[in-house]
Amino acid sequence: MAQGESTHQAKSNRAAKRGVNATIAGAVGGAVSGAKTGVRATKSQVAPAASVGVTPQPRKTSRAAKSVKSAAGTVKAAATRVANRAAGKRPARAAASPVFAARLESRKAELERLFMSLYDDHDAFNALVARMAEAYADRPADLKRLDKAREQDPEWYKRGDMFGMTMYTDLFAGDLRKLADKIPYLKEQKLTYLHLMPLLTMPHPNNDGGYAVEDFDTVDPKLGTNEDLANLARKLRRAGISLCIDFVMNHTASSHRWAKAAQAGDPEYQDYYFCYDDRTVPDEYDAHVPQVFPNTAPGNFTWNEQMGKWVMTQFYPFQWDLNYRNPKVLVAMLGSVMHLANLGVEVFRIDAVPYIWKELGTNCRNLPQVHTIVRMLRIVLECVCPAVVLKGEVVMAPKELAAYFGTPEAPECHMLYNVSIMVNLWSALASRDVRLLKAQIDKLDALPENCWFVNYLRCHDDIGWGLDEDVERELGIDPLKHKEFLYHFYEGAVPGSWSMGELYNYDAVTRDARSCGTTASLTGIERAIITHDRPLLETSIKRDLLMHQTMAFLRGFPMLNCGDEIGQLNGWDYKDDPDRVEDSRNLHRSKFDWTAAALRKKSGTLQNRLWRGMEGLREERHDPCFAPDAWVSTWDTFNDSVLAVVRKVDGAGDGVDAGGAGVAGVAAGGAAARVDAAGVDVVGADTGSAGATLVGLFNFSDEPQHTHLNASDGIIAEPFDVDLEPYEARFVRL
C-alpha cells in the first residue's frame, strides 16, 4: 500500500523478490558484460523479465495460473510468441548483440544514475536491463533496419513534407484490418504520419475514449489483434506513413488485472496504486492537488467498497492513478512500450505525462521526477528501438512546456502537441485579434532547436482555454471575461457568432468551461448549411482554410483531425446513445462520412474545395523555407487583426524541393494559385544561393485589412505594404 512518503521504500520490494533476483542479477550482468566484449550471449543467459519478480504482470491467457510466478512466466512466453508471430519472424536466439551492447554502454551510466535516484534498487534496475535486452532480441529484422536508418537521420520527423492525421480506428474504418484497406485514401492525402486513438484493451462502455486501459500489451478485441496491428504498421511503413498510438502512463482502468488483484486484497498490487485505509493522506493530497474534472468527476480519490480503501483517481473513478514510486510499475510500463514498439509503432503519444509523479505537499504536476522518468524512457528507446520517437501531451501553462523537451544533452520528448498554439488560434479567430497568438508563437520560437511541435486545430479532445493570463493582463484583457466570451462564442451563444459547438465540463463555481465541435462546425460551415446561407458558407470556408493555412505555416508539422479534409460536421446523434450522451466530446467523435468523402472529387462541392485547400497546405510545405533548420519568427504588421510569420533559410536549393519557381498561395475556396517571380507577391531582389525568405500573412478579420512590414537587415531588405481580403492568407517571396 502506498504511503505518504516522498520516495518508495525499496527494501520491502527487495525482500519480496530476493530469491529470484539473486539468480537473475548475475545472469543480466553476465549478458551485458559479455556483449560489451563482443561475446554473443544466448537467450538463456537473460531470464524473461516477467519471471524476475520485479514486474509480476501476467499477460492475458486462457490458462489459469496456479501461482503468480508460474503464471507470469507462462503468459510472458505466450505474449512473446504472439509478438513474434505478428512480426512474421522466428523467436530470436540471441539475448544481446554488439549493437545493443554499444548503445547501452554509452547510456547505461546515466540510466542507472537516474533509476537509482528514484528507487535505490539495483535488482530492479537489473531487471529493467534484462527487459531491454529481451526486447532488442525480439525486435523484428525490418524494424532493426529502420532503427539503423533513423540513427543516420535522427531528425526525420522534422522534414518539411511531414503531414499527419489523427483518427479513431472504429469511427474511420471499423477495425484495424479494414483500416489497412483504407490506406489508399491516406496515400491520396500524402500523409506521412497516422495517429490512431487508444486501441489497447479497454472496458466497455466506460473507458474515457479508450484512455482507461485494461491491458497495455494487447489490442482491444473489438478493434482486432496484435497481429492485425503489426500488419497494419507494416503496410503503413511501405506507404511511407509512420504509425503513432497513445500510451497512457498515468493510470489504468479499474478493471486492469493489477487493480483487480488490489481489490481482492493483495498488498503487492495495492502498492501499484495509491490506496489508503482512511482519509488522512487523501486529505493531505487534496489540500494541494487541483481537481482535473471538478464538475463531471469531482475529487481526487474514490472509495472502493470491495477493497475497503480510498484509491487515487485524479481523472475518472474508473481510472486508478499508478504509483511510480514503486519500481515495479516503471519496469512494467517500460516493458509494454518496448513490446508495442516491436509491433511496429513508431511514435508514442505519452498521455497525461505531467501527472505521473505524486508528492505530498505539492500539486502533483510537472515535478522533477516526471522528467527523470521521461528521460529514462527516452534512453530505453534509444537503446532498444531508436527509430521510435516520443510525442508528449502536456496540457499545462505555456511556461511548463520547454522542460518536457529536456536539453540537447539530455533530451526527453522529441516533440509535443502544440496545445497552446491551438487554443490561441481559436481565440484569435473569435476575437479578430492576433496579439495573444503572436506572443505565444514568439515564446515557442525562442525555444532551443531541439523543441519541435505537432500543430493542429482539432483532435479527439476538447478545447481547454488555457491562455497566458499574464500576457492577457499586459494587453488589457480580463482573463476570466475573455475565457467566458470564448466558450460562449463557440457554443453559438454570443451575438454574431457563427459557431455551433458545445460546452464541456462547465464549472459554475470557477466559471471555467471547455469547448467541443469539429473545425467545420466551429468555423460556421454547419450553421451556413442549416440556414441555407450561401454568403455565410463562402465566408466560413475561408475561415476554415485560414485556420489550417496558419497552423501549417508555423514551426513544427501539421496534423489534421480526420474529417477536416472534407468538412465533416458535428455528430449530434451522440445524444441518442445512452453510453455516450454524458460526454459532449463525442460531438466531434463521430463516424467518418464516406458518402461525403466521395464528393471530394466533384468540382465545386464543399468537400472538393476543402480537399484542394489541404493539397495547398502540402504544396506550401515543399518550399525550402520549411527545412528543419529554417529560422522562424513573427513580424510586426501594425494591425492587430493580421499575423505575419517569416521563414528564412540559408543556402536554399541544396537538394530541397522548392515546389516550383514561385510560392503557392491559396485563394478563396482553396484553389491553388501560382505566383511567379515577377508577380506582385515577390518583393525585393532574388537572393539566389544565399538563401530564401518566405512571409506568411494571415487576416483573422471579417473585414479587409491593410498591413505594413518594416525592413530588417538580412531578413527583409525593403519595407512593403499588403492589402488582404477578409480571412485571406497570402504568401510572399522575398
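If you're wondering where the values come from, they're calculated on a predicted model, not measured in any experiment. (Residues numbered from 1 in each chain as written. Predicted model: local features only at pLDDT ≥ 70, side-chain atom pairs only at ≥ 80, totals over all residues. Heavy atoms only, no water.)

### Some thoughts on the overall build of the chain
For the chain, the helix and strand inventory stands at 23 helices and 26 strands. Among the 734 residues that make up the chain, the fraction classed as buried is 61%. For the chain, the proportion of contacts with a sequence separation of at least 24, taken over those separated by at least 6, is 75%. Summed over its atoms, the accessible surface of the chain is roughly 27300 Å², and 52% of this surface lies on carbon and sulfur atoms. (Helix = DSSP H or I, 4+ residues; strand = E, 2+ residues; numbered from the N terminus. Buried < 20%, exposed > 50% of the residue type's maximum accessible area, 1.4 Å probe, protein only. Contact = heavy atoms within 4.5 Å. Areas by Shrake-Rupley, 256 points an atom, 1.4 Å probe, with all protein chains shown as cover.)

### Structural notes on the nonpolar core
Residues Phe115, Met132, Tyr273, Tyr324, Phe348, Trp426 and Phe700 are the most contacted members of the largest nonpolar core, which totals 198 residues. Apart from the residues lying within four places of it in its own chain, the contact partners of Met132 are Phe100, Leu104, Leu111, Met338, Val380, Cys383 and Val384. Among the nonpolar cores identified, the runner-up in size contains 14 residues, and Leu709, Ile715, Val722 and Val732 belong to it. (Core = buried A, V, L, I, M, F, W, Y, C linked by side-chain atoms within 4.5 Å.)

### Some thoughts on the packing of helix α21 (residues 534-553) against helix α23 (residues 606-620)
At a minimum axis distance of 10 Å, the contact between α21 and α23 shows a crossing angle of 20°. It follows that α21 is roughly parallel to α23 by the angle criterion. In terms of crossing hand, the pair formed by α21 and α23 is right-handed. Here Arg534, Glu538, Ile541, Asp544, Leu545, His548, Gln549, Ala552 and Phe553 of α21 lie close against α23, whose contacting residues are Leu606, Arg609, Leu610, Gly613, Met614, Leu617 and Glu620. Along the lines of polarity and charge, the residues of the contact of α21 with α23 split into eight nonpolar, three polar and five charged. (Axes fitted to C-alpha atoms, helices over the stretch in contact; angles between N-to-C directions. Parallel < 35°, antiparallel > 145°, perpendicular 65-115°, else oblique. Left-handed = near helix turned anticlockwise from the far one by under 90°. Nonpolar A, V, L, I, M, F, W, Y, C, P; charged D, E, K, R; others polar.)

### Some words on the packing of helix α15 (residues 419-431) against helix α16 (residues 435-445)
One way to put it is that α15 packs onto α16 with a least axis distance of 8 Å and a crossing angle of 160°. It follows that α15 is roughly antiparallel to α16 by the angle criterion. Regarding α15 and α16, the two cross each other, and that crossing is left-handed. The residues of α16 that touch α15, namely those facing Ser420, Ile421, Asn424, Leu425, Ser427 and Ala428, are Leu436, Leu437, Gln440, Ile441 and Leu444. Of the residues contributing to the contact of α15 with α16, the split by class is seven nonpolar, four polar and no charged.

### Observations regarding the environment of Phe592
Mapped onto the elements of the fold, Phe592 is located in the loop between β18 (557-561) and α22 (594-597). Along the chain, Phe592 and Gly563 lie 29 residues apart, while their C-alpha atoms are 6.5 Å from each other. Phe592 has contacts with Leu171, Phe172, Tyr185, Cys562, Gly563, Glu565, Ile566, Gln568 and Ala597, leaving out every residue within four places of it along the chain.

### Re the sheet that holds strand β9 (residues 309-312)
A sheet is described by the order of its strands in space; here three strands give the open sequence β7-β9-β8, paired in antiparallel fashion. Single-partner strands in this sheet number two, and they are β7 (275-276) and β8 (301-304). Pairing between β8 and β9: four bridges, direction antiparallel. Residue pairing in the sheet places Phe301 in a bridge with Met312 of β9. (Pairing = 2+ DSSP bridges.)

### Things to note about the environment of Met338
With respect to the helices and strands, the residue Met338 is situated in helix α13 (residues 327-341). What makes Met338 buried here is its relative accessible area of 1%. Spatially, the C-alpha atoms of Met338 and Asp138 are 9.9 Å apart, while their sequence positions differ by 200 residues. Apart from the residues lying within four places of it in its own chain, the contact partners of Met338 are Arg131, Met132, Ala135, Val380 and Val384.

### Observations regarding the pattern of salt bridges
Pairing between side chains of opposite charge can happen when the charged atoms of each approach one another. A full pass over the atoms with the stated rule returns 41 salt bridges. When the shortest N-O distance is used, the salt bridge between Glu151 and Arg103 registers 3.2 Å. With Glu151 in helix α5 (residues 141-152) and Arg103 in helix α3 (residues 98-119), this pair connects stretches of sequence that are 48 residues apart. The buried category is assigned to Arg103, whose relative accessible area is 8%. Across the salt bridge formed by Asp283 and Arg279, the nearest N and O atoms sit 2.9 Å from each other. The partly exposed category is assigned to Asp283, whose relative accessible area is 41%. The structure contains a network of salt bridges with shared partners spanning Asp208, Asp461, Asp583 and Arg585. (Salt bridge = Lys/Arg side-chain N within 4 Å of Asp/Glu carboxyl O.)

### Here's the deal with α5
If you check α5, its first and last C-alpha atoms are 17 Å apart, about what 12 residues at 1.5 Å a residue would give, namely 16 Å. Buried residues of α5: Leu143, Leu146, Asp147 and Arg150, and no others. Down the axis of α5, the sector holding all buried residues measures 105°, keeping them to one side. In α5, the exposed residues that point more than 90 degrees away from the buried face are Arg145, Lys148 and Gln152. (Expected span 1.5 Å × (residues − 1). Arc of directions from axis to C-beta.)

### Considerations on the pairing of strand β17 (residues 512-516)
Two faces belong to every sheet, and in a regular strand the side chains alternate between them. Sheet topology places strand β15 (residues 463-464) next to β17; two bridges connect them, and they run antiparallel. Paired with Gly464 across the two strands is Arg514, which belongs to β17. Two strands pair when backbone bridges link them, and strand β16 (residues 502-507) and β17 are joined in this way by four bridges, in the antiparallel orientation. Bridge assignment links Tyr504 to a residue of β17, and that residue is Arg514. Adjacent in sequence and paired antiparallel, β16 and β17 are bridged by four residues, among which Arg511 carries a positive phi angle near 60°.

### Quick word on α3
The largest bend in α3 amounts to roughly 55° and is located at Arg107. For α3, the full list of buried residues reads Phe100, Ala101, Arg103, Leu104, Leu111, Leu114, Phe115, Met116, Leu118 and Tyr119. Of the residues flanking the end of α3, it is Asp120, one or two places downstream, whose phi is positive at about 50°. (Bend = angle between axes of the 7 residues up to and from the residue.)

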